[in-house]
Amino acid sequence: MTSVRVILSRLLGLFRRGRSDADLADDIRAHLDLLAADYRRRGLSAADAETAARRDFGSVEGMKEAYRDRRGLPLVEALLRDLQYGVRQMRRNPGFTAAAAATLTLGIGATTTMFSVVDGVLLRPLDYPAPERLVMLSSRLRGSPVPVTPGDFLDWRATNHAFENMTAFTIGETTLTGAGDPAGLLAGVVSARFAETLGMAPQLGRSFTIADEKADEEHPPAVILTAHLWRERFAASPSILGRTITLDGRPVPIVGVMPDRFVFPQDLFSSGGARALPDVALLLPLPLRPGDRGNAYLQVIGRLAPGVTVAQARAEMSRLAPTLTGRAAIDRETGGVVIVPLQQRIVEGVRPLLLTLFAAVLLLLVIACVNVANLLLARGAAREREFTVRRALGAGRGRLIQQYLTESVLLGVLGGAGGLVVAVFGVRGVAALIPRGRLPRVDAIHIDARVLLFAVVVSVLTALMFGLAPACRAGRGGEAAPLKAGNTAATSPRQRLGALVIAEVALAFVLVASAGVLLRSFDRLTGVDPGFRARDAVAGDVALPEGSYPTLESMQRFSTAVLSRLRREPGIAAAGAVNLLPIGGNLLMGDFAVEGQREAPGFSAFKPAVSPGYFTTMGVPIVMGRDFNDHDTHAAPLAMIVTTGFAHRFWSSTSDAVGKRVRLGFGPPEQDPWRTIVGVVGDVKQSGLGSEAMPALYVPIAQAPRPFLLRDLSFVVRAGGDARAAAPAIRDAIHQVDPLLPVGRLAAMSQLLADSVSEPRFRAVLLAGFAGAALGLIAIGILGVVGYTVTRRTREMGIRMALGARGTDVVGLVVKQSLLTSAVGVLAGVALAMPATRLLRRFLFEISPDDPVTFCAAAAVLVLLAVAASYVPARRAARVDPLIALRAE
Amino acid sequence: MSRGSLLLTGNMTPADVPYGTLDLMVLKTLEAMGPLHGYGIARRIEQAAEGSLALNQGTIYPALLRLEQKGWIASTWGASENNRRARFYTITRAGRRQLLREAESWARTVALVNRLLQGEP
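All values derive from a computational prediction rather than experimental measurement. (Residues numbered from 1 in each chain as written. Chains lettered and ligands numbered in written order. Predicted model: local features only at pLDDT ≥ 70, side-chain atom pairs only at ≥ 80, totals over all residues. Heavy atoms only, no water.)

A.B. asks: Go over the overall build of chain B with me, naming the residues and quoting the values.
C.D. replies: Assigned secondary structure in chain B consists of four helices and five strands. Intrachain contacts of chain B at a sequence separation of at least 6 include 46% that bridge at least 24 residues. When the accessible surface of chain B is summed, it comes to about 6900 Å², and 55% of that surface belongs to carbon and sulfur atoms. (Helix = DSSP H or I, 4+ residues; strand = E, 2+ residues; numbered from the N terminus. Contact = heavy atoms within 4.5 Å. Areas by Shrake-Rupley, 256 points an atom, 1.4 Å probe, with all protein chains shown as cover.)

A.B. asks: Break down the overall build of chain A for me, with residues and values.
C.D. replies: Each helix and strand in chain A was counted, giving 28 helices and 24 strands. For chain A, the C-alpha radius of gyration of 38 Å lies well beyond 29 Å, the compact-globule estimate for 889 residues. The principal-axis extent of the C-alpha atoms belonging to chain A is close to 135 × 80 × 55 Å. Here chain A, with 889 residues, has 53% of them falling under the buried criterion. Accessible area of chain A: about 38700 Å², with a carbon and sulfur share of 60%. Seen as two clouds, the 97 positive and the 76 negative side-chain charges of chain A have centres 9 Å apart. (Rg over C-alpha atoms; globule rule 2.2 N^0.38 Å. Buried < 20%, exposed > 50% of the residue type's maximum accessible area, 1.4 Å probe, protein only. Lys, Arg positive; Asp, Glu negative; His and termini not counted. Charge placed at Lys NZ, Arg CZ, Asp CG, Glu CD.)

A.B. asks: Which residues make up the interface of chain A and chain B, and what are the values?
C.D. replies: Each side of the interface is counted separately: chain A has 29 residues, and chain B has 31 residues. Summed over both partners, the interface of chain A with chain B buries about 2700 Å², with 54% contributed by carbon and sulfur atoms. For chain A, the biggest contributors to the area lost against chain B are Asp-27, Leu-34 and Arg-70 of chain A; these three give 26% of the whole. Summed over the shared surface of chain A and chain B, the number is five salt bridges. (Buried area = accessible area lost by both parts, 1.4 Å probe. Salt bridge = Lys/Arg side-chain N within 4 Å of Asp/Glu carboxyl O.)

A.B. asks: Explain the packing of helix α2 (residues 17-41) of chain A against helix α2 (residues 38-48) of chain B to me, and be specific about the residues and the numbers.
C.D. replies: Contact geometry of α2 of chain A with α2 of chain B gives a least axis separation of 8 Å together with a crossing angle of 50°. Between α2 of chain A and α2 of chain B, the crossing angle belongs to the class labelled oblique. Across from His-31, Leu-34, Leu-35 and Asp-38 of chain A in α2 of chain A, the residues of α2 of chain B making contact are Gly-38, Tyr-39, Ala-42 and Arg-43 of chain B. Residues belonging to the contact of α2 of chain A with α2 of chain B are distributed by class as follows: four nonpolar, two polar and two charged. (Axes fitted to C-alpha atoms, helices over the stretch in contact; angles between N-to-C directions. Parallel < 35°, antiparallel > 145°, perpendicular 65-115°, else oblique. Nonpolar A, V, L, I, M, F, W, Y, C, P; charged D, E, K, R; others polar.)

A.B. asks: With reference to specific residues and values, describe the sheet that holds strand β2 (residues 36-37) of chain B.
C.D. replies: Residues and elements named next belong to chain B. Across the sheet, which stays open at both edges, the three strands sit in the order β2-β5-β4 with antiparallel pairing between neighbours. The two strands at the open ends of the sheet, each matched to only one other strand, are β2 and β4 (73-79). As paired strands, β2 and strand β5 (residues 85-91) are joined by two bridges and run antiparallel to one another. Residue His-37 lies in a different strand from β5, and its bridge partner there is Phe-88. Packed on one face of the sheet, helix α3 (residues 60-69) meets β4 and β5 and runs near 125° to β4. (Pairing = 2+ DSSP bridges.)

A.B. asks: I'd like a description of the pairing of β5 of chain B, backed by residues and values.
C.D. replies: All names here are of chain B. Counted residue by residue, β5 has five buried out of seven residues, so it is predominantly covered. Strand direction decides the pairing type here: β4 and β5, joined by seven bridges, are antiparallel. Bridging across to β5, Ala-74 finds its partner in Thr-90. Counted along the chain from β4 to the antiparallel partner β5, the turn is five residues long, and its residue Asn-83 has a positive phi close to 65°.

A.B. asks: Any chance you could break down unusual backbone geometry for me, citing the residues and the numbers?
C.D. replies: Residues and elements named next belong to chain A. Look at Ala-130: it is not a glycine, yet its phi comes out positive at around 45°. Checked against the element boundaries, Ala-130 lands in the loop between α6 (94-123) and β1 (134-141). For Ala-130, a relative accessible area of 29% gives the class partly exposed. Even without glycine at this site, Ala-235 takes up a positive phi of about 50°.

A.B. asks: For the packing of aromatic side chains, give the residues involved together with the corresponding values.
C.D. replies: Evaluated as defined, the whole model comprises 19 aromatic pairs over all chains. Between Phe-646 of chain A and Phe-650 of chain A, the aromatic rings sit 5.0 Å apart at their centres with planes inclined by 45°, giving tilted as the arrangement. Remark: Phe-650 of chain A and Phe-646 of chain A occur in helix α20 (residues 644-650); sequence separation between them is four residues, near one turn of the helix. Assessed through its relative accessible area of 0%, Phe-646 of chain A is described here as buried. You can call Phe-650 of chain A buried: its relative accessible area is 16%. The cationic tip of Arg-663 of chain A hangs over the ring face of Trp-674 of chain A; the distance from NZ or CZ to the ring centre is 5.2 Å. The ring of Trp-77 of chain B carries the charged tip of Arg-85 of chain B above its face, separated from the ring centre by 3.6 Å. (Phe/Tyr/Trp six-rings, centres within 6.5 Å; stacked < 30°, edge-to-face > 60°. Lys NZ or Arg CZ within 6 Å of the ring centre and 35° of its normal.)

A.B. asks: If you had to explain a nonpolar patch on the surface to someone new, which residues and values would you point to?
C.D. replies: Judged by side-chain polarity, Leu-453, Val-456, Val-457, Val-460, Leu-461 and Leu-464 of chain A come together as a nonpolar surface patch covering roughly 500 Å² of accessible area. Following the sequence through the fold, Leu-461 of chain A ends up in helix α16 (residues 449-476). (Patch = residues over 30% accessible without salt bridge, like charges linked within 9 Å, V, L, I, M, F, W, Y side chains within 5 Å.)

A.B. asks: Which residues make up the nonpolar core, and what are the values?
C.D. replies: Residue and element names in this part refer to chain A. The biggest cluster of nonpolar side chains holds 135 residues, and the ones touching the most others in it are Val-121, Phe-264, Leu-283, Phe-509, Tyr-698, Met-749 and Phe-770. The element contributing the most residues to this core is helix α24 (residues 758-792), with 15 residues. Filtering out sequence-adjacent residues up to four positions away, Met-749 remains in contact with Phe-532, Ala-534, Ala-537, Val-538, Ala-539, Leu-581, Pro-582 and Met-618. With 44 residues, the next largest nonpolar core counts Leu-552, Ile-572, Leu-710 and Ile-730 among its residues. (Core = buried A, V, L, I, M, F, W, Y, C linked by side-chain atoms within 4.5 Å.)

A.B. asks: Go over the packing of α6 of chain A against α24 of chain A with me, naming the residues and quoting the values.
C.D. replies: Residue and element names in this part refer to chain A. Packing of α6 against α24 leaves a shortest axis separation of 11 Å and a crossing angle of 160°. In terms of their interaxial angle, α6 and α24 are classed as roughly antiparallel. Crossing of α6 over α24 shows left-handed handedness. Of α24, the residues touching α6 (which contributes Thr-103, Leu-106 and Met-114) are Leu-766, Phe-770, Ala-773 and Leu-777. Of the residues in the contact of α6 with α24, the class split is six nonpolar, one polar and no charged. (Left-handed = near helix turned anticlockwise from the far one by under 90°.)

A.B. asks: Requested: an account of the pattern of salt bridges, with residues and values cited.
C.D. replies: Per the counting criterion, the structure on display carries 29 salt bridges over all chains. The salt bridge partner of Glu-348 of chain A is Arg-345 of chain A, with a shortest N-O separation of 2.9 Å. Residue Glu-348 of chain A and its partner Arg-345 of chain A are located together in helix α12 (residues 342-348), separated by three residues, close to a single helical turn. Put simply, Arg-520 of chain A and Asp-851 of chain A hold a salt bridge, and the shortest N to O gap is 2.4 Å. In this pair, Arg-520 of chain A sits in helix α17 (residues 491-526) while Asp-851 of chain A sits in the loop between α26 (807-838) and α27 (852-878), placing the two residues 331 residues apart along the sequence. Residue Arg-520 of chain A is classed as partly exposed on the basis of its relative accessible area of 28%. Each of Asp-23, Asp-26 and Arg-29 of chain A together with Arg-85 of chain B takes part in salt bridges that share partners, so that together they form one network.

A.B. asks: An account of the confidence of the model for chain A is needed here, citing residue identities and associated values.
C.D. replies: Mean pLDDT over chain A: 83, with 91% of residues reaching 70 or higher. For residues 480-491 of chain A, every residue scores under 50 in pLDDT, and the model assigns this stretch 16 contacts once sequence neighbours within four places are set aside. (pLDDT = per-residue confidence, 0-100.)

A.B. asks: Which residues make up the side chain of Thr-837 of chain A, and what values do they have?
C.D. replies: All names here are of chain A. Structurally, Thr-837 is set in helix α26. At a separation of 3.4 Å, a polar atom in the side chain of Thr-837 contacts the main-chain carbonyl oxygen of Met-834. Excluding residues that lie within four positions of it along the chain, Thr-837 makes contacts with Ala-513, Ser-514, Val-517, Pro-849, Asp-850 and Phe-855. (Polar contact = N/O pair within 3.5 Å; in protein donor to acceptor, adjacent residues only side chain to side chain.)

A.B. asks: Run through the environment of Thr-113 of chain A, naming residues and quoting values.
C.D. replies: All names here are of chain A. Within the secondary structure layout, Thr-113 lies in helix α6. Owing to a relative accessible area of 6%, Thr-113 belongs among the buried residues under this scheme. Setting aside chain neighbours within four positions, we find Thr-113 in contact with Val-422, Ala-423, Gly-426, Val-427 and Val-430.

A.B. asks: Tell me what's going on with the environment of Gly-540 of chain A, and back it up with residues and numbers.
C.D. replies: Residue and element names in this part refer to chain A. Looking at the element boundaries, Gly-540 is found in strand β12 (residues 537-543). Assessed through its relative accessible area of 0%, Gly-540 is described here as buried. Each C-alpha atom, one on Gly-540 and one on Ala-577, is 9.5 Å from the other, the two residues being 37 residues apart in sequence. Setting aside its immediate chain neighbours within four residues, Gly-540 contacts Leu-713, Ser-714, Phe-715, Ile-730, Arg-745 and Leu-746.

A.B. asks: Describe the confidence of the model for chain B, listing the residues and the values that go with them.
C.D. replies: Residues and elements named next belong to chain B. When pLDDT is averaged across chain B, the result is 79; 79% of the residues are at 70 or more. Confidence drops under a pLDDT of 50 for residues 1-16, and excluding neighbours within four residues, the segment shows 32 contacts in the predicted structure. Quick note on the complex model: pTM equals 0.71, ipTM equals 0.81.

A.B. asks: Explain the environment of Pro-147 of chain A to me, and be specific about the residues and the numbers.
C.D. replies: Along the chain, Pro-147 of chain A turns up in the loop between β2 (144-146) and α7 (150-159). Setting aside chain neighbours within four positions, we find Pro-147 of chain A in contact with Ser-139, Phe-269, Ala-296, Tyr-297 and Leu-298 of chain A.

A.B. asks: If you had to explain the side chain of Ser-818 of chain A to someone new, which residues and values would you point to?
C.D. replies: In this structure, Ser-818 of chain A sits in helix α26. Among residues more than four places away in sequence, those in contact with Ser-818 of chain A are Ile-782, Ala-866, Val-867 and Ser-870 of chain A.

In C-alpha cells form, the structure reads like this:
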C-alpha cells in the first residue's frame with residue numbers, strides 16, 4: 001500500500017520539478033539562516049557564522065541531488081532528457097535527419113504494407129467458427145486435386161463418419177427479375193447443411209435439407225438470400241420468408257437469409273488458384289443424383305467431428321477406399337481422395353508468392369538500415385569530440401550508449417510513423433494492383449492492431465539494428481586523440497563504411513537480379529502463342545436461363561439466330577460461338593473413350609461445343625479434315641473435331657485421326673454415342689499462356705449431348721475494321737434475338753489474355769518496384785558516404801591539389817575507390833543472388849534463375865549507379881579552392 | 001544515490017547509520033514535539049542524542065521527503081523564527097502506527113540480543 005503511494009507521488013514529482021526545486025531552496029535557506037543565527041548568538045561573526053552553518057548543514061548540492069533522485073523517477077527523467085537532447089540534435093542536422101527518416105519511412109512502410117497483405121491472406125484464421133476444423137475434400141488426378149463428381153460426394157458423405165458435416169457447392173448464374181432492375185446474379189449452388197458445415201446458421205429461416213437436393217435442376221424448390229441482397233433489394237424486410245422471387249423466369253420461394261458476416265467460400269478451382277467470390281448474392285439447392293459420376297464440378301468442404309484430426313479423417317477414407325467406386329479406382333491408397341485443411345488449401349497457391357515478396361521487402365528494409373547506419377557512422381565521427389569530452393567529464397559508458405540508442409529509437413519511431421502513413425496508402429495501392437479475384441481473402445487485408453504492433457516492433461528493432469554499432473563506438477570514444485586538432489587520419493571508420501557499402505550493394509544486387517529474371521520471364525510469357533489470334537477478336541458471354549430456354553433446341557436456335565445476325569453486320573469479318581471460351585475461366589473436363597483403345601486412366605479432355613466458323617473466327621488453324629458446317633445437324637451423323645495434341649497421343653499422325661470414333665463418356669450408347677472425327681485443329685491453351693495446351697474434343701453446338709452444356713455461351717467475332725464497334729454489335733445482335741437477356745462479360749480477347757497474366761505481371765512489377773527503391777537507397781547512401789569521406793579528406797585533397805594534382809585526378813581517385821567498392825559488392829551480390837533466385841524458380845517461365853544476361857545487366861546497373869553517385873560529391877569537392885581546403889581543420 | 005551519513009562519536013565508532021534509524025528518530029521527534037520544521041527536527045535529534053550524534057543536517061530533507069511520500073508525515077507552509085518561509089511537518093495517523101511498529105521491532109531486536117548476550121555463562 002505504501003509502495004503504491006510512493007510510486008504515485010514519485011510520478012507526480014516528475015511534473016512538479018520546478019516548483020519543488022523552489023520549495024526546497026526556501027527550506028534550505030530558512031534552515032541555514034537559523035543555524036547561522038545560532039552561531040551568531042554564540043558570539044561568532046556573521047561571516048564565521050555562515051561558514052559554520054554551512055559546515056553543519058553539509059553539502060548542499062549533494063543533498064539536492066539525493067533529494068531529486070528520491071523525488072521523481074530518475075530513469076524516466078534520464079530518458080526524457082535524452083529524448084529532448086535527441087530532438088535538439090535532429091533539428092540541428094535537418095539534412096541528415098531528413099535523409100535518415102526518409103530512408104526508414106520507405107523501408108518500414110514497404111515492410112508494413114507487405115506484412116498486412118501476408119497477415120490478411122496467410123495468417124489470419126478464416127472467418128468461420130472453429131475454422132481449423134474445416135477441411136477441403138477433392139479427388140486426385142495426376143497428383144493434383146480436381147473437382148468432385150456428385151456420385152463421389154454422396155458416397156463420402158454417407159460413409160465417412162470422421163466428419164460432423166460435409167457439404168458440396170459450385171457456382172452458377174441466375175437472372176433475377178421482378179425485384180428492381182433485372183440482373184444477372186452469381187449464385188452459390190449448395191448441398192444440404194451448407195450453412196451448418198461452415199458454422200453460419202441463417203439469421204432468418206432455414207438452411208437446405210436433403211429433400212431440397214432431390215429437386216429437379218430446372219425447378220429449384222427454395223432459395224436463400226445473402227444479407228447483402230436482402231438489404232439491397234428487399235429493404236431487409238422481416239417478412240421476407242415465404243415470398244417468392246423470379247429466377248430465370250420461375251417463381252422460387254425464399255426460405256432463409258444468411259447472416260451478415262457470412263462470406264461465401266473461396267472458389268478453389270478457378271484457373272490460377274483460389275479466388276475470392278465476393279459477389280455471390282444467393283444460394284440455390286444443388287440437385288444430386290447418386291451414381292452420377294460423369295462430370296466433376298463440385299467443391300467439397302467438411303467439418304471434422306469433435307476430437308478428430310485430419311490424419312484420422314484420411315485414415316478413415318483409406319479404410320473406405322475399397323468400397324468406393326468411380327475415381328477411387330485410380331488410387332487405392334487414399335481412395336483417390338485428398339483431404340487438406342481448408343485454410344491451407346486456400347492459401348497454398350499464393351503462399352510462395354507472398355513469402356517471396358515478403359522476403360524481398362525485408363531485404364529492402366535491411367538495405368535501409370545499412371543506409372542509416374552508414375549515415376549515423378558518418379555523423380558519429382563528427383560527434384566524436386563531443387563524446388570524448390563527456391567521457392572525460394565522468395559520463396559512464398552505459399550512459400552514453402543509452403543516450404545514443406535513445407536517439408536511434410527516436411529516429412526509428414519517426415521512420416515508423418512515416419512508414420505507417422506510407423503503409424496506409426501502400427495497402428490501398430497494392431490492393432488495387434492485385435488483379436481482381438486473383439488473390440484469395442483480399443477482403444481480409446487491412447491495417448489493424450496486429451499490423452500496428454508489427455510496425456512498432458519493426459521500428460524499434462531496426463532502430464536497435466542500425467544504432468547499436470555507432471552507439472558502441474560512441475561509448476568507446478575515450479581516446480584523447482580526437483581532441484587534438486588536425487586529426488584527419490580516420491581510417492577505421494572508413495573501412496567500416498566501405499564494408500557497409502559493399503553489403504548494401506550486394507543486397508541490392510539480389511533484388512535487382514530477382515526483378516530482372518521476373519521481368520524477363522514475364523516478357524517470355526506474353527510472347528507465347530495461345531493457339532488463336534487474339535488481336536481484333538471480341539467475345540461476349542450470355543447465360544441462358546432455363547425458364548426461357550428449357551430445351552436444347554431452343555438454345556441451339558438462339559445461337560444460330562445470333563450468329564446469322566452477327567454475320568450480316570458490315571464491320572464483322574467472322575463470327576462463331578463456343579461454350580468454353582479459352583482463357584475465359586470456364587473449365588469443363590471429362591472422360592472419353594476412343595474406339596479400339598484401352599481407356600487411359602485419369603486422362604481427361606476439354607469438351608467444348610462450337611458453332612461452324614468458330615475456328616476461323618478465332619484464328620485456330622484447321623490442320624486436317626474440315627470444320628463443322630450447317631449439315632452437321634442433330635439428325636446427321638455425329639461429328640467431332642479434335643486437337644493436334646489429342647491426335648498425336650493416340651495415333652501416329654493427324655491424318656490417321658480423321659475417321660476414327662470417340663465417345664464423350666462411359667454411359668450407355670443412348671447417352672454417350674460414338675462420334676466420328678471429321679477434322680483436326682491446332683492446340684489451344686485453354687487455361688492460360690503458362691500452361692500446357694490440354695487436349696480438346698469439340699462437338700457442334702447442334703449436336704451437343706446435354707442441355708446444361710449450352711447454358712453458358714460466348715459469341716466471338718473478328719472485327720473487319722474498327723475493333724471498337726465489335727462489342728456493341730454483339731450486344732445488339734443478342735438483344736435483337738432476345739431483348740430480355742442480360743449480356744454478361746464483353747471483352748476483347750487480348751484483354752482476357754492480359755488479365756490472365758496479371759499475376760506474373762503483379763509479381764514482376766512489385767519486385768521491380770522494390771528493386772527500384774533499393775537502387776534509390778543505394779544512390780542516397782553512396783552520395784552520403786562519399787560526401788562524408790570527401791569532407792573528411794578535404795585537407796588531404798587540398799594538399800594534393802596544392803602539389804599540382806588536377807581536379808580531375810582527385811575526382812578520379814574517389815571514383816576509382818567507389819568503383820572498387822561496388823565491384824566487390826557486386827561479386828558478393830552474385831554469390832548471394834544465385835541461391836536466392838533459385839527460390840524463384842517456380843515463378844519463372846522459360847528462363848533460368850541464374851540467367852547470365854540478367855546478372856550482367858544488374859551488375860552493370862549497380863556499378864554505373866555507384867560511380868555516378870560518387871562522381872557528384874567528388875566533383876564538388878574538387879572545385880574547392882586548395883587554400884580554403886588547407887585551412888579546413 | 002548517497003546515503004545520509006550520521007557521524008557517531010563518543011561511545012560508538014563512526015559508522016553509516018541507515019535511513020531506517022533516521023526515520024524512527026524523525027517520527028518520534030514529531031510525535032513528541034508536535035509540528036516542527038527541518039531545522040527544529042535536526043536540532044531536537046542532536047539534543048536527544050546528547051552529543052554522541054553529529055549529523056549533516058541537510059541529510060534530513062531527503063529523509064523527510066521519503067516519509068512524506070510514504071504518508072507517515074504531512075507538511076504545511078509556515079514561517080520560521082526568522083520569518084523565512086519554511087515547511088512544517090506533522091506526524092499522521094499512519095505515521096503513528098508506523099512508529100509503534102518500529103518501536104516494537106526495535107524492542108524485540110534489543111531483547112533478543114540481550115538474551116543472547118546474557119545466555120553466555
